[in-house]
Amino acid sequence: MRVQEQAVGWLRDRWPFRPERWRSPLRGPWLTAVFGLVLLVALPIVAITGLLSYIAYGPQFGQAIPGDVGWLRLPGFDWPTHPAWLYQLTQGLHVGLGLVLVPVVLAKLWSVLPRLFAWPPVRSVTHLLERLSVLLLVGSILFEIVTGLLNIQYDYVFGFSFYTAHYYGAWVFMAALAAHLVIKFPALVAALRSRSLRVELRTSRADTRQEPQDGGLVATAPTKPTISRRGALGVVAGGSLLVGVLSVGQTVGWLRPLALLVPRGLDPGDGPNGFPVNRTAAAAGITATDTGPAWTLQLTGTTRVALDRAGLAALPQHTATLPIACVEGWSTTQEWTGVRLRDLARLSGVDEPTAARVRSCERDGAFNSAMLQGNQVLDPDALLALLVNGADLSPDHGYPARVIVPALPGVHNTKWVRSIEFLT
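Residues numbered from 1 in each chain as written. Predicted model: local features only at pLDDT ≥ 70, side-chain atom pairs only at ≥ 80, totals over all residues. Heavy atoms only, no water.

Undergrad: Any chance you could explain the pattern of salt bridges here in plain terms?
TA: When their charged atoms lie close together, side chains carrying opposite charge are able to pair. For the coordinates displayed, the defined rule picks out eight salt bridges. When the shortest N-O distance is used, the salt bridge between R195 and E200 registers 2.7 Å. A salt bridge links R229 to E200; the shortest N-O distance between them is 3.8 Å. Of this pair, R229 sits in helix 8 (residues 229-248) while E200 sits in helix 7 (residues 197-202), placing them 29 residues apart in sequence. Here the residues in one salt-bridge network are R195, E200 and R229, joined through shared partners. (Salt bridge = Lys/Arg side-chain N within 4 Å of Asp/Glu carboxyl O. Helix = DSSP H or I, 4+ residues; strand = E, 2+ residues; numbered from the N terminus.)

Undergrad: Help me out: how do you make sense of the layout of surface pockets in this one?
TA: Empty space among the atoms becomes visible once a probe the size of a water molecule is rolled across them. Taken as a whole, the largest pocket holds about 1200 Å³ of empty space. Every residue lining the largest pocket is counted, 48 residues in all, and those nearest its centre are K108, V112, R115, H180 and K184. Split into classes, the residues belonging to the lining of the largest pocket amount to 31 nonpolar, nine polar and eight charged. Lining the second largest pocket are 30 residues, with Y154, N278, R279, F367 and V411 sitting closest to its centre. (1 Å grid on protein atoms, 1.4 Å probe; cavity = no way out; pocket = protein on both sides within 12 Å on 5 of 7 lines; lining within 4 Å. Points joined across faces, edges and corners; volume = space filled by probe spheres on them. Nonpolar A, V, L, I, M, F, W, Y, C, P; charged D, E, K, R; others polar.)

Undergrad: Hey, could you run me through unusual backbone geometry in this one?
TA: For residues that are not glycine, phi is negative in most cases, and the peptide bond is trans in most cases. Of note, the amide linkage connecting I65 to P66 takes the cis form, showing an omega dihedral of 0°. Positionally, P66 belongs in the loop between helix 2 (29-56) and helix 3 (86-100). Each neighbour pair has its own omega, and for Y399 with P400 the value is 15°, a cis peptide bond. Looking at the secondary structure, you find P400 in the loop between strand 8 (391-392) and strand 9 (402-404). Non-glycine residue N389 carries a positive phi angle of around 55°. Position of N389 among the secondary structure elements: in the loop between strand 7 (383-388) and strand 8.

Undergrad: What is the right way to look at the nonpolar core in this model?
TA: Proteins that are soluble and globular tend to have nonpolar side chains buried together. Grouped together as the largest cluster of nonpolar side chains are 30 residues, with contacts concentrated most on L297, L312, L341, L344, L384, I420 and F422. Of all the secondary-structure elements, those providing two or more residues to this core are helix 9 (281-284), strand 1 (297-300), strand 2 (304-307), helix 12 (341-347), strand 5 (355-360), strand 7 and strand 10 (417-423). When near neighbours in sequence (up to four residues on either side) are disregarded, L341 contacts L372, V377, A382, L383, L384, V403, V405, I420 and F422. L39, V46, I145 and L233 belong to the second-largest nonpolar core, a separate cluster that totals 24 residues. (Core = buried A, V, L, I, M, F, W, Y, C linked by side-chain atoms within 4.5 Å. Buried < 20%, exposed > 50% of the residue type's maximum accessible area, 1.4 Å probe, protein only. Contact = heavy atoms within 4.5 Å.)

Undergrad: Sorry, what's going on with the side chain of H397 here?
TA: Tracing the chain through its elements places H397 in the loop between strand 8 and strand 9. For H397, a relative accessible area of 2% puts it in the buried group. In terms of polar contacts, H397 uses its side chain to reach the backbone carbonyl oxygen of F275, at 3.0 Å. When neighbours within four sequence positions are excluded, H397 is seen to be in contact with N273, F275, P276, V277, R402 and K415. (Polar contact = N/O pair within 3.5 Å; in protein donor to acceptor, adjacent residues only side chain to side chain.)

Undergrad: Can you help me understand empty space enclosed by the protein in this one?
TA: Across all of its chains, the model carries two cavities of 30 Å³ or more by this definition. What the largest cavity holds in volume is close to 660 Å³. Lining the largest cavity are 33 residues, and of these V46, H94, E144, F162 and H166 sit closest to its centre. Secondary structure elements with two or more residues in the lining of the largest cavity: helix 2, helix 3, helix 4 (102-116), helix 5 (125-152) and helix 6 (162-194). Class assignment of the residues belonging to the lining of the largest cavity gives a composition of 24 nonpolar, eight polar and one charged. Estimated volume of the second largest cavity: approximately 40 Å³. Together, A56, Y57, G58, F61, Q63, M371, Q373, Q376, L408 and H412 line the second largest cavity. Of the residues in the lining of the second largest cavity, the class split is five nonpolar, five polar and no charged.

Undergrad: Sorry, what's going on with the packing of helix 2 against helix 4 here?
TA: When two helices pack together, their arrangement is given by the angle between the helix axes and by the axis-to-axis distance. Direction vectors running N to C along helix 2 and helix 4 enclose 150°, while the axes themselves pass 9 Å from each other. The pairing of helix 2 with helix 4 is recorded here as roughly antiparallel in orientation. The chirality of how helix 2 crosses helix 4 is left-handed. Together, L31, T32, F35, G36, V38 and L39 of helix 2 and V104, V105, A107, K108, W110, S111 and V112 of helix 4 make up the contact between the two elements. Of the residues in the contact of helix 2 with helix 4, the class split is nine nonpolar, three polar and one charged. (Axes fitted to C-alpha atoms, helices over the stretch in contact; angles between N-to-C directions. Parallel < 35°, antiparallel > 145°, perpendicular 65-115°, else oblique. Left-handed = near helix turned anticlockwise from the far one by under 90°.)

Undergrad: When you look at the pairing of strand 10 in this model, what are you seeing that I'm missing?
TA: One face of the sheet, then the other: side chains in a regular strand alternate in exactly this way. The pairing of strand 1 with strand 10 spans three bridges and is classified as parallel. Following the sheet pairing, L299 is matched in strand 10 by I420. As paired strands, strand 5 and strand 10 are joined by six bridges and run antiparallel to one another. Counterpart to R357 in the pairing with strand 10 is E421. (Pairing = 2+ DSSP bridges.)

Printed below as a string of structure tokens:
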């Protein structure tokens, strides 16, 4: 017993458990509440757009990951095809805003570090519940950030399914955020009202004073400020702005050279096919035999039809300017030309398909086939594309033919198509 008491005493007397070791005069309820308010407004947007991405993958067809989510199943509805940039917007917001918020999350964690290491760790049942909500909140948001960043970099060092872990992690985060908000919202409001943002933005470093003692965040032995609260907010805002500038190029083409946070081709090449791809023909195992002169497209409906590329080119062609947006957040908008999917459906004897299964020449991979909703097949801009920007598709972009559907997640715009089955 005495040894245990000595061990506890030794731990209590060490940094970071000694409150006098936390000496920044900037820490306090107000600064923490400002960071918290920003996250309270923005993080639900990140969460909601992430859940919308899951719906866009078509969980009703069993092709969203994870598949069986039990009582966490979202209400199902047909993902719309218009506006054509819908998925580009929602997933761009999910990834882009998530990246921009990283400096704010880190600043918020810095602002509450003394309270995270408060001694004793638990003082009451209520305090225990608060600590558990904080543990789940901090752990889940860091998990989502780290796995999300690694997914953007295609670096799956964690050894488990990113999609599955990210989905369940999001629900843990949302539950923890809701619990934490119930507990801390009155304190958040009181802290925001305790000081004027306008006054703080006019206060210099020399005039910066610590907040009144609160028994947790405010330093008991503060040092002189090396930066004002205005400066601290500016540093965090500047960090977020920098992250935004370094990532927005993954959507805005002329800013692509600045997209240093994006691993894929900063220089995707020149010409009509000079835009990024998620998976090359070589990576997919596509050979010249798969896509050579012997290639034919197999259509199945009430009748079976086989068309080679010349046969497809002889059918009425349609041109549409459409984006491709991928789950990693990048997107590109190009001009596509090909045969409308609804015309192919009618050719196979199905005027009003309820769905269509598209299969690729790619033999392996999680996305070598995709189910399309009826509204996606019938959209007038939904194409089996043969050309992009007036030129034949390159092998990496899906030659001899690929699907392109408005507002559809990029991986479901199947490349190297070998068959389409229209369902009634």
